[in-house]
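Here is what each chain is made of, one letter per residue.
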Amino acid sequence: MKKLIQFELRKIFSKRLTQVILAVLLLLSVFFGFSTYQNMYAFDGINNEGTGRTAVEIDKSIAEEYEGMLTDEKVQQMMADFKPTQDLHGMNAAYLYNNAMQSALFRNFSDLDGNWNGLSVSDVFGNEEIKIGYTYGWLETSQNMVRIFIILSLAIVVMTAPVFSGEYGGVDSIILTSKYGKTKCAAAKIIGSVLAALIVTAAVSAINLIYAYILYGSSGLDCSILFAPAGFVEGYIPFNITCATLLKYQILLAFTGAISITGVTLVLSAVCKSQMIALVASAAIYLFPVMLPISETSPLFRIITLLPLYHAQFVSLMSVAQMGSGVLYAIMAVPVALIFMGVGVVFSRSFFAKHQVS
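Residues numbered from 1 in each chain as written. Predicted model: local features only at pLDDT ≥ 70, side-chain atom pairs only at ≥ 80, totals over all residues. Heavy atoms only, no water.

*Asks:* Describe the pattern of salt bridges, naming the residues involved and giving the relevant values.
*Replies:* Under the criterion given, the structure shown has 4 salt bridges. In this structure, the salt-bridge partner of Lys-189 is Glu-8, at a minimum N-O distance of 3.3 Å. You can see Lys-189 sitting in helix H10 (residues 182–216) and its partner Glu-8 sitting in helix H1 (residues 2–14), a full 181 residues away along the chain. Here the two residues Lys-189 and Glu-8 agree in accessibility, since each one is buried. Residues joined in a network through salt bridges with shared partners are Glu-8, Lys-11 and Lys-189. (Salt bridge = Lys/Arg side-chain N within 4 Å of Asp/Glu carboxyl O. Helix = DSSP H or I, 4+ residues; strand = E, 2+ residues; numbered from the N terminus. Buried < 20%, exposed > 50% of the residue type's maximum accessible area, 1.4 Å probe, protein only.)

*Asks:* Describe the environment of Tyr-249, naming the residues involved and giving the relevant values.
*Replies:* If you trace the backbone, Tyr-249 turns up in helix H11 (residues 243–271). We classify Tyr-249 as buried; its relative accessible area is 19%. Along the primary structure Tyr-249 and Tyr-136 are separated by 113 residues, whereas in three dimensions their C-alpha atoms are 18 Å apart.

*Asks:* Tell me about a nonpolar patch on the surface, and name the residues and values.
*Replies:* On the surface, a cluster of nonpolar side chains totalling about 520 Å² of accessible area is made up of Val-271, Ile-339, Val-343, Val-346, Phe-347 and Phe-351. Here the nonpolar patch takes 5 residues from helix H16 (residues 333–354), the largest share from any one element. Looking at the element boundaries, Phe-347 is found in helix H16. Under the relative-accessibility criterion, Phe-347 is labelled partly exposed at 42%. (Patch = residues over 30% accessible without salt bridge, like charges linked within 9 Å, V, L, I, M, F, W, Y side chains within 5 Å. Areas by Shrake-Rupley, 256 points an atom, 1.4 Å probe, with all protein chains shown as cover.)

*Asks:* Any details on the packing of helix H2 (residues 16–38) against helix H7 (residues 136–160)? Residues and values, ideally.
*Replies:* For the pair H2 and H7, the least separation of the axes is 10 Å and the interaxial angle reads 175°. Between H2 and H7, the angle falls in the class roughly antiparallel. Residues Leu-17, Thr-18, Ile-21, Leu-22, Leu-25, Leu-28, Ser-29, Phe-32, Gly-33 and Thr-36 of H2 touch H7, and the partners they reach there are Glu-140, Asn-144, Arg-147, Ile-148, Ile-151, Leu-152, Leu-154, Ala-155, Val-158 and Met-159. Class assignment of the residues belonging to the contact of H2 with H7 gives a composition of 13 nonpolar, 5 polar and 2 charged. (Axes fitted to C-alpha atoms, helices over the stretch in contact; angles between N-to-C directions. Parallel < 35°, antiparallel > 145°, perpendicular 65-115°, else oblique. Contact = heavy atoms within 4.5 Å. Nonpolar A, V, L, I, M, F, W, Y, C, P; charged D, E, K, R; others polar.)

*Asks:* I'd like to hear about the layout of surface pockets, residue by residue, with values.
*Replies:* Empty space within the largest pocket amounts to approximately 340 Å³. Along its surface, the largest pocket is lined by 20 residues, and Asp-44, Gly-45, Ile-46, Asp-81 and Phe-82 are the ones closest to its centre. Breaking the lining of the largest pocket down by element, the ones donating at least two residues are helix H3 (52–66) and helix H4 (72–81). Here the lining of the largest pocket takes 5 residues from H3, the largest share from any one element. The residue makeup of the lining of the largest pocket, split by class, is 8 nonpolar, 8 polar and 4 charged. (1 Å grid on protein atoms, 1.4 Å probe; cavity = no way out; pocket = protein on both sides within 12 Å on 5 of 7 lines; lining within 4 Å. Points joined across faces, edges and corners; volume = space filled by probe spheres on them.)

*Asks:* Tell me about the packing of aromatic side chains, residues and numbers included.
*Replies:* As enumerated under the stated definition, the model contains 7 aromatic pairs in all. Taken together, a centroid distance of 6.3 Å and an interplanar angle of 35° make the contact between Phe-347 and Phe-351 tilted. Within this pair, Phe-347 and its partner Phe-351 are both found in helix H16, separated by 4 residues, close to a single helical turn. Here the basic side chain of Arg-147 rests over the ring of Phe-32, its NZ or CZ set 4.1 Å away from the ring centre. Here the guanidinium or amino end of Arg-302 rests over the ring plane of Tyr-329, the centre of that ring lying 4.2 Å away. (Phe/Tyr/Trp six-rings, centres within 6.5 Å; stacked < 30°, edge-to-face > 60°. Lys NZ or Arg CZ within 6 Å of the ring centre and 35° of its normal.)

*Asks:* Summarise the side chain of Thr-141; cite the residues concerned and give the values.
*Replies:* Within the secondary structure layout, Thr-141 lies in helix H7. Given the relative accessible area of 7%, Thr-141 is considered buried. Among residues more than four places away in sequence, those in contact with Thr-141 are Asn-208, Ala-212 and Tyr-216.

*Asks:* Can you tell me about H4, naming the residues and giving the values?
*Replies:* Lys-74, Val-75, Met-78 and Met-79 are the residues of H4 that are buried. Each buried residue of H4 lies within a common arc of 135° when the element is viewed along its axis, so the set occupies one face. The exposed residues of H4 that point more than 90 degrees off its buried face are Glu-73 and Ala-80. Against the buried residues of H4 lie H3, strand S3 (68–69), helix H5 (100–109), helix H6 (121–125) and strand S4 (131–132). (Arc of directions from axis to C-beta.)

*Asks:* Could you give an account of a negative patch on the surface, with specific residues and numbers?
*Replies:* Residues Glu-64, Glu-65, Glu-67 and Asp-81 make up a contiguous surface patch of negative charge. Checked against the element boundaries, Glu-64 lands in helix H3. (Lys, Arg positive; Asp, Glu negative; His and termini not counted. Charge placed at Lys NZ, Arg CZ, Asp CG, Glu CD.)

*Asks:* Can you lay out H7 for me, pointing to particular residues and giving the numbers?
*Replies:* Across its 25 residues, H7 extends 36 Å between first and last C-alpha, which sits within 8% of the 36 Å expected from 1.5 Å per residue. Summarising burial for H7: 20 of the 25 residues are buried, a large majority. (Expected span 1.5 Å × (residues − 1).)

*Asks:* Tell me about the state of the cysteines, residues and numbers included.
*Replies:* Counted according to the given criterion, the structure contains 0 disulfides. Cys-223 carries a free sulfur, and the closest cysteine sulfur to it, the one in Cys-243, is 6.9 Å from it. Residue class for Cys-223 comes out buried when judged on its relative accessible area of 3%. (Disulfide = S-S within 2.5 Å.)

*Asks:* Provide a residue-level description of the nonpolar core, including the pertinent values.
*Replies:* With 102 residues, the main nonpolar core has Leu-70, Phe-227 and Met-318 as its most contacted residues. The greatest single-element share of this core, amounting to 14 residues, is contributed by H11. Apart from residues lying up to four places away in sequence, Leu-70 is in contact with Val-75, Met-78, Phe-109, Val-121, Phe-125, Ile-130, Ile-132 and Phe-227. (Core = buried A, V, L, I, M, F, W, Y, C linked by side-chain atoms within 4.5 Å.)

The following block contains the structure:
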């Protein structure tokens, strides 16, 4: 069985299309990370202004002045320090961006003109203890990984679609089935597919995290995502978790999404005798939820967010209300992924077993 699994893994990773799409994933990871880094901007309100590395250094130096637990006194100090000196020409000060700390402050504590809106820390965040610091780089990394993980899921479809459909009528299938039997061959294909999906997901996650660490360091990983600059989708996640916890959930959901889409694709690969049909059908099913006219207020939304696409997109799933004992609803993606995989195993083996090798 070990040799069969190794054989299946070699087949998956030796395909030219698989190699191309994995290379694209690597290049996109580097491109998104570098592009985001180069396009960063920061101005300290006095005389330091810059983009790219300079902006990161400015943001970090500002964050060091105020890092720690957010208090009412600290809010007043920052409101005085970041008070707008230019005419906003009617623009809402919440959308003014000089640096990441100022933007996060104005998003929560500024009125239209950039003055204190009268709210206290407890008014905005309740009884939560909010630790602030440099989170900008890691939040940008999280946003980039949403796009990367969606592409990753489609890459897994490309890798997995030919596993069964590509064997129908093939010489390898006849030889291996004669030697090992259909049951072992099917099991090896399933295990090889799952391992390939997990390996690629782990590699892509590691590359993005290591690259982000090189660019931004570990600053801000222990800080709250609630005190984030305007415009971040992570700002819509209503729970007080740190950047590190956010990334852990995101990567966990990348793995559950990879397992889920592997289960779906295995079934279609076993059903379809054409690799192209299996690939297109799997990709269509994966992307189908975006076309459903279901709002976040609908009771069906909690179910829809458990589909594989939303594992990679992750923000909607993370935004659903907590379950009992403060457990995030997103953890439900784990049993759902196992269900998808279980269905994939049972049905793909069944369909493959019915195929008559001649």
